[in-house]
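For reference, the chains in residue letters:
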Amino acid sequence: MAALLATYGKHTLDRILLAAFGIEATMTRDQTSQRVTELNGDPMARIVFLLTDSLHHQAALASDDLATAKRIGGSILLAIHAFTDADNEDALTLLRALRNEVIQAG
């Protein structure tokens, strides 16, 4: 459960960063490259990268520990809130939409 939440959190936060930096699939290669360079140079984006990396390490150590999974899920919700100003209900709606997207892609 912890590993699944960490992976899900990374996917969600990556999507938020892509949207925040205006990176879209319809952009030219040069436009995408320029925006990705901006994203990689942004201190807040680097903090998100560190957070998701840390959550993956925490999940690997947690194994089946549900208390750690709950804390990882809480960290993801706090990060979503920090970047989107979403309240808990909005964050849960976003998570449900992303879950549905992942299920449909699978």
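Residues numbered from 1 in each chain as written. Predicted model: local features only at pLDDT ≥ 70, side-chain atom pairs only at ≥ 80, totals over all residues. Heavy atoms only, no water.

Take the packing of helix H2 (residues 29–41) against helix H3 (residues 43–62) next. The geometry of H2 relative to H3 is characterised by a closest axis approach of 5 Å and an angle of 75 degrees between their N-to-C directions. Here H2 lies roughly perpendicular to H3, going by the angle between them. Side by side, H2 and H3 meet where Leu39, Asn40 and Gly41 of the first sit next to Pro43, Ala45, Arg46 and Phe49 of the second. In terms of residue class, the contact of H2 with H3 is made up of 4 nonpolar, 2 polar and 1 charged. (Axes fitted to C-alpha atoms, helices over the stretch in contact; angles between N-to-C directions. Helix = DSSP H or I, 4+ residues; strand = E, 2+ residues; numbered from the N terminus. Parallel < 35°, antiparallel > 145°, perpendicular 65-115°, else oblique. Contact = heavy atoms within 4.5 Å. Nonpolar A, V, L, I, M, F, W, Y, C, P; charged D, E, K, R; others polar.)

We now examine the confidence of the model for the protein. A residue-level look at the protein finds 86% of positions with pLDDT of 70 or above and a mean pLDDT of 84. For the protein, the element scoring lowest by mean pLDDT is helix H5 (residues 88–105), at 68; H2 scores highest, at 94. (pLDDT = per-residue confidence, 0-100.)

Here we take up unusual backbone geometry. Although it is not a glycine, Ser63 adopts a positive phi angle of roughly 55 degrees. By secondary structure assignment, the location of Ser63 is in the loop between H3 and helix H4 (66–84).

With that settled, consider the environment of Ser75. Mapped onto the elements of the fold, Ser75 is located in helix H4. Spatially, the C-alpha atoms of Ser75 and Leu51 are 8.9 Å apart, while their sequence positions differ by 24 residues.

In this section: a nonpolar patch on the surface. Taken together, Met1, Leu4 and Leu66 make up a surface patch of nonpolar side chains, about 360 Å² in accessible area. By the element assignment, Met1 lies in the segment before helix H1 (2–20). (Patch = residues over 30% accessible without salt bridge, like charges linked within 9 Å, V, L, I, M, F, W, Y side chains within 5 Å. Areas by Shrake-Rupley, 256 points an atom, 1.4 Å probe, with all protein chains shown as cover. Salt bridge = Lys/Arg side-chain N within 4 Å of Asp/Glu carboxyl O.)

Here the focus is the packing of H1 against H4. Packing of H1 against H4 brings their axes to within 9 Å, and their N-to-C directions diverge by 10 degrees. Classified by the angle their axes make, H1 and H4 are roughly parallel. Between H1 and H4, the contacting residues are Ala2, Leu5, Ala6, Gly9, Thr12, Leu13 and Ile16 on the first element and Ala69, Ile72, Gly73, Ile76, Ala79, Ile80, Phe83 and Thr84 on the second. Class assignment for the residues of the contact of H1 with H4 results in 11 nonpolar, 4 polar and no charged.

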